[in-house]
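Here are the chains, one letter per residue:
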Amino acid sequence: MGTYGVSVFTAERTLTRREFEIRSPRENQVLIKVDCCAICTMEQRVYLGVMKYYPFAGGHELSGTVVETGDKVTQLKAGDKVAARLLTNCGECYYCRNGNENQCVISFKASTHEGLNGPGGLAEYMLLDSRSLFKMSDNVNMAHAALAEPLACCVHSIGNGRIDLGNDVVVIGVGIMGAFHIQLAKLRGARVIACEVDPDRLAVAKMAGADILVNSKEENAIEKVRECTEGRGADVVFCTTALTKLASEAVEMAGKLGRVVLYSSFHPKNPIDLDVDKIHYSERILTGSVNPNIRDFHVATRLISSGLVNPTGLISEIVPFDQLTHAFERAVDPKTYRIIVKM
Ligand SMILES: [Zn+2]
Ligand SMILES: [Zn+2]
């Protein structure tokens, strides 16, 4: 059937193209032609050598079109547009059985292309299990469809925040994840206070639907949140920035019975001080959020397919596959939102 190219990290700032044989899908497999692959933080860390996993086939946020299906596939057919959930889960462990497959003990051991470590979304074709593919609407924008994975991560986080109608919700940091949190919190009927130091990003927060913008460089964000909530503090706080100072502020901003979701991970680890009495007396809940469940992914694909969530302003550039180095150099610039590679 011919061959296809996969881009592989082979050293710091080095990407090498490898060729693989295109194989026909069998049973539950589906052959897709990859359309768009977005560059996430994890790929940036490998590119910059912060994580030295070489060789590594990166790319886990992608959309594509079905080329051919195995004989046991019933829900997809050639020509269907799809988004892929490449997070693998065993289906057998305690967490999978409880319906919390994002906490699976073996998750993310993807090896999509034979003998290559990594999810491998920076590829022209992929052979995937039908269970990892989610059908998108026929008229979906394929660059938007590639953002189903990061949106699904935020859907999970929003679920952990348990937002009620009319709640006061703070989103700290307006990168792509913060902007998705704002859009989703608005869909849940919240009043959203966005805190950010960069005026350009505050403008993105406004576009995403934030009701109150706080420039945390110019004003004391904790005081401002108290002021907006008659001194109570917020019902829910999402911290989407990996700064310990902001994680501590997130805890401070929450009011009685408030929920704090520490969305960002820290590399390297960086503990914060916690006033235990404050948690005790106020019954605040501290939690995190990691990876989407299958249901979160399904919800994200529905939100993008229907246009209920619109990622237009969150894509900085769409770069062709043969200009991958340019794509990565743009992606590691802290000023950019998502860079999408067009296959
Ligand atoms: Zn991602
Ligand atoms: Zn499991």
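For every chain, the first residue of the written sequence is number 1, and numbering continues from 1 onward in sequence order. Chain labels run from A onward and ligand labels from 1 onward, assigned in the order the entries are written. Restriction of local features to residues with pLDDT of at least 70 applies here, the model being predicted, together with a cutoff of 80 or more for giving and counting side-chain atom pairs; totals for whole chains, interfaces and linings are based on all residues. The side-chain quantities take in all heavy atoms of the structure and omit both hydrogens and water.

Asks: Help me out: how do you make sense of the coordination of the zinc ion (ligand 1) in this one?
Replies: Between any two of four tetrahedral donors, the ideal angle at the metal is 109.5 degrees; between two of six octahedral donors, it is 90 or 180 degrees. A 2.8 Å cut-off from the metal defines N, O and S donors, relaxed to 3.2 Å for Na, K and Ca; water is not in the atom list, so some sites may appear incomplete. For the zinc ion (ligand 1), the protein coordination sphere consists of Cys40 (SG), His60 (NE2), Glu61 (OE) and Glu149 (OE), at 2.1 to 2.6 Å. What the four donor atoms of the zinc ion (ligand 1) show is an angle range of 86 to 168° at the metal, which sorts the shape as irregular. Within one chain, the residues donating to the zinc ion (ligand 1) are spaced in sequence as C-x19-H-E-x87-E. Of this pair, Cys40 sits in the loop between strand E3 (29–38) and helix H1 (41–48) while His60 sits in the loop between H1 and strand E4 (61–69), placing them 20 residues apart in sequence. Each member of the pair, Cys40 as well as His60, is classed as buried. Geometry assignment treats four donors as tetrahedral when all angles are between 85 and 135 degrees, treats four as square planar and six as octahedral when opposite donors are over 155 degrees apart and all others between 65 and 115, and treats everything else as irregular. Secondary structure elements follow DSSP: runs of H or I no shorter than four residues count as helices, runs of E no shorter than two count as strands, and numbering proceeds from the N terminus. Relative accessibility decides the category of a residue: with a 1.4 Å probe and only protein chains considered, values under 20% of the type maximum give buried, values over 50% give exposed, and everything between is partly exposed.

Asks: Explanation requested: the packing of helix H7 (residues 221–228) against helix H8 (residues 244–253) in the structure shown.
Replies: The relative placement of two packed helices is expressed as an angle between their axes plus a distance between the axes. Orientation of H7 relative to H8, taken along the N-to-C sense of each, is 20°, at an axis distance of 10 Å. By the angle class used here, H7 and H8 are roughly parallel. Once H7 is placed against H8, the crossing between them reads as right-handed. Counted together, Ala221, Ile222, Val225 and Arg226 of H7 and Glu249, Glu252 and Met253 of H8 form the full contact between these two elements. Axis lines are fitted through C-alpha atoms, for helices just across the contact stretch, and the angle between N-to-C directions can take any value from 0 to 180 degrees. Between 65 and 115 degrees an angle is taken as roughly perpendicular, under 35 as roughly parallel, over 145 as roughly antiparallel, and anywhere else as oblique. The sense of a crossing depends on the near helix, which, turned anticlockwise from the far helix by less than a right angle, makes the crossing left-handed and, turned clockwise, makes it right-handed. By definition, residues are in contact when any of their heavy atoms lie within 4.5 Å.

Asks: Is there a simple way to explain the domain arrangement of the chain in this structure?
Replies: How large an interface is tends to be reported as the accessible area lost when its parts come together. As far as domains go, the chain holds domain 1 (3–147 + 311–342) and domain 2 (154–288). All domain edges in this entry derive from an automatic or database-based domain assignment. Each of domain 1 and domain 2 has a C-alpha centre, and these two points are 30 Å apart. Taken residue by residue, the interface counts twelve residues in domain 1 and 13 residues in domain 2. The quantity reported as buried area is the accessible area (1.4 Å probe) lost by two parts once they are put together, taken as the sum for both. Buried surface at the junction of domain 1 and domain 2, summed over both partners, amounts to about 970 Å²; 60% is from carbon and sulfur atoms.

Asks: When you look at the coordination of the zinc ion (ligand 2) in this model, what are you seeing that I'm missing?
Replies: Taken together, Cys90 (SG), Cys93 (SG), Cys96 (SG) and Cys104 (SG) make up the full set of protein donors to the zinc ion (ligand 2), lying 2.3 to 2.4 Å away. Relative to the metal, the four donor atoms surrounding the zinc ion (ligand 2) lie at angles of 103 to 118°, and the coordination shape comes out tetrahedral. All donors of the zinc ion (ligand 2) belong to a single chain; written as a sequence motif, their spacing is C-x2-C-x2-C-x7-C.

Asks: Quick question: what am I supposed to make of the nonpolar core here?
Replies: Nonpolar side chains in soluble globular proteins tend to be buried together. Nine residue types can take part in a nonpolar core, namely buried Ala, Val, Leu, Ile, Met, Phe, Trp, Tyr and Cys, and a core is a set of them joined through side-chain atoms within 4.5 Å. Judged by nonpolar contacts, the single largest core of 49 residues is most densely connected at Leu151 and Ile182. Counting contributing residues, this core receives three or more from each of domain 1 (3–147 + 311–342) and domain 2 (154–288). Apart from the residues lying within four places of it in its own chain, the contact partners of Leu151 are Phe180, Leu184, Ala300, Leu303, Ile304 and Val309.

Asks: Just checking my understanding: could you explain the sheet that holds strand E8 (residues 168–172) for this structure?
Replies: By the convention used here, strands pair only if DSSP detects at least 2 bridges between them. Judged by pairing direction, the sheet is parallel, and its six strands sit side by side in the order E10-E9-E8-E11-E12-E13 without closing on themselves. The strands lining the two open edges of the sheet, one partner per strand, are strand E10 (212–215) and strand E13 (285–288). Ignoring strand direction, the axes of neighbouring strands in this sheet form an average angle of 15°. By the bridge criterion, five bridges tie strand E11 (residues 234–239) to strand E12 (residues 254–262) in an arrangement that is parallel.

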